[in-house]
Amino acid sequence: MISIYAGIPCRYTTLLQALEQKYGESLTFEPGCSDVECKNASQIEAAAKAAASADTAVIAVGLSQSIEREGLDREDLKLPGFQEKLVMEVSEAAPGPVVLVIMAAGPVDVSFAKNNSKIGAILWAGSPLDVTFFMHYFQVVDLLLLGIHKNTQRKCPWMTCI
């Protein structure tokens, strides 16, 4: 997700790239949707199958400028296309913790996920508008993902520990 407000950054790291750097060969990736509009549900089954054999499932969904930008408003706050179906089916298939990452500049209704007991964390990644501030953006996302297990000894004044 790259914003148009500050131009195109000289370098950025996607969430997938950050997870690949951290977990290497042990990471399994299935796209679930061919693009952010997610008009076709044909890839959801493969994503759910991958989640069924994962220790932790990370589901990244959200919006892009093809959905929302200056001069292009959304009609509602729901995730586009079959993204909600993707979240529900992947989370249902996952035997372990599920982390939902929402990547969007604007608000998104995640009440369907909030009420899903299989989803242990919902992380709104927002829109990295300031390239300097978000230089290690997805390394921070990765650190947050490491805190998804319950740890009563840990103090988390700046985040929610589950």
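These lines cover the structure that appears in this document, whether it is placed above or below. Keep in mind the model is a prediction, meaning the values are calculated, not measured.

## Quick word on the overall build of the protein chain
Here comes step 1: Across its full length, the protein chain carries five helices and three strands.
Here comes step 2: For the protein chain, the α and β elements follow one another from N to C terminus as α-α-β-α-β-α-β-α.
Here comes step 3: Considering the protein chain as a whole, with its 162 residues, one finds that 35% of them fall into the buried category.
Here comes step 4: At a minimum sequence separation of 6, the contacts of the protein chain that also span at least 24 residues come to 63%.

## Looking at the state of the cysteines
Note on terminology: a disulfide is the covalent bond linking the sulfur atoms of two cysteines.
Here comes step 1: Following the criterion strictly, the structure yields one disulfide and no others.
Here comes step 2: Covalently, Cys33 is tied to Cys38 through a disulfide, its sulfur atoms 1.9 Å apart. Its S-S torsion of about -45° marks the bond between Cys33 and Cys38 as left-handed, since a negative value means left-handed. Like Cys33, the residue Cys38 is buried in the burial classification.

## Points about the environment of Pro95
Here comes step 1: Tracing the backbone shows Pro95 in the loop between α3 (83–93) and β2 (98–103).
Here comes step 2: By relative accessible area, Pro95 is classed as exposed at 60%.
Here comes step 3: Taking C-alpha positions, Pro95 is 8.7 Å from Lys118, a pair spaced 23 residues apart along the chain.
Here comes step 4: When sequence neighbours within four positions are dropped, the list of residues in contact with Pro95 reads Ala51, Ala52 and Ala54.

## Section: the nonpolar core
Here comes step 1: Ranked by size, the top nonpolar core spans 23 residues in total, and within it Ile59, Val61, Leu86, Val87 and Leu100 carry the most contacts.
Here comes step 2: Leave out the neighbours within four places in its chain, and Leu86 touches Gly32, Cys33, Ile44, Ala47 and Val61.
Here comes step 3: Core analysis: the second largest hydrophobic core is formed by seven residues, Leu15, Val99, Val101 and Met103 among them.

## A short note on a negative patch on the surface
Here comes step 1: A surface patch of like charges, here negative, comprises Glu75, Asp76, Glu84 and Asp109.
Here comes step 2: Relative to the elements of secondary structure, Asp109 occurs in the loop between β2 and α4 (111–114).
Here comes step 3: Classification of Asp109 by relative accessible area gives partly exposed; the value is 33%.

## Some details on the environment of Thr28
Here comes step 1: Within the fold, Thr28 resides in the loop between α1 (15–23) and α2 (44–52).
Here comes step 2: Taking the C-alpha atoms as reference points, Thr28 and Ser53, 25 residues apart in sequence, are found 9.3 Å from one another.

## Things to note about α3
Here comes step 1: Gln83, Leu86, Val87, Val90 and Ser91 are the residues of α3 that are buried. Projected down its long axis, α3 carries its buried residues within an arc of 115°, all on one side.
Here comes step 2: On its buried side, α3 packs onto α2, β1 (57–62), β2, α4 and β3 (119–124).

So, how was this worked out
- Residues numbered from 1 in each chain as written.
- Predicted model: local features only at pLDDT ≥ 70, side-chain atom pairs only at ≥ 80, totals over all residues.
- Heavy atoms only, no water.
- Helix = DSSP H or I, 4+ residues; strand = E, 2+ residues; numbered from the N terminus.
- Buried < 20%, exposed > 50% of the residue type's maximum accessible area, 1.4 Å probe, protein only.
- Contact = heavy atoms within 4.5 Å.
- Disulfide = S-S within 2.5 Å.
- Core = buried A, V, L, I, M, F, W, Y, C linked by side-chain atoms within 4.5 Å.
- Patch = residues over 30% accessible without salt bridge, like charges linked within 9 Å, V, L, I, M, F, W, Y side chains within 5 Å.
- Areas by Shrake-Rupley, 256 points an atom, 1.4 Å probe, with all protein chains shown as cover.
- Salt bridge = Lys/Arg side-chain N within 4 Å of Asp/Glu carboxyl O.
- Lys, Arg positive; Asp, Glu negative; His and termini not counted.
- Charge placed at Lys NZ, Arg CZ, Asp CG, Glu CD.
- Arc of directions from axis to C-beta.

Scope: geometric values only; no functional claims are made or implied.
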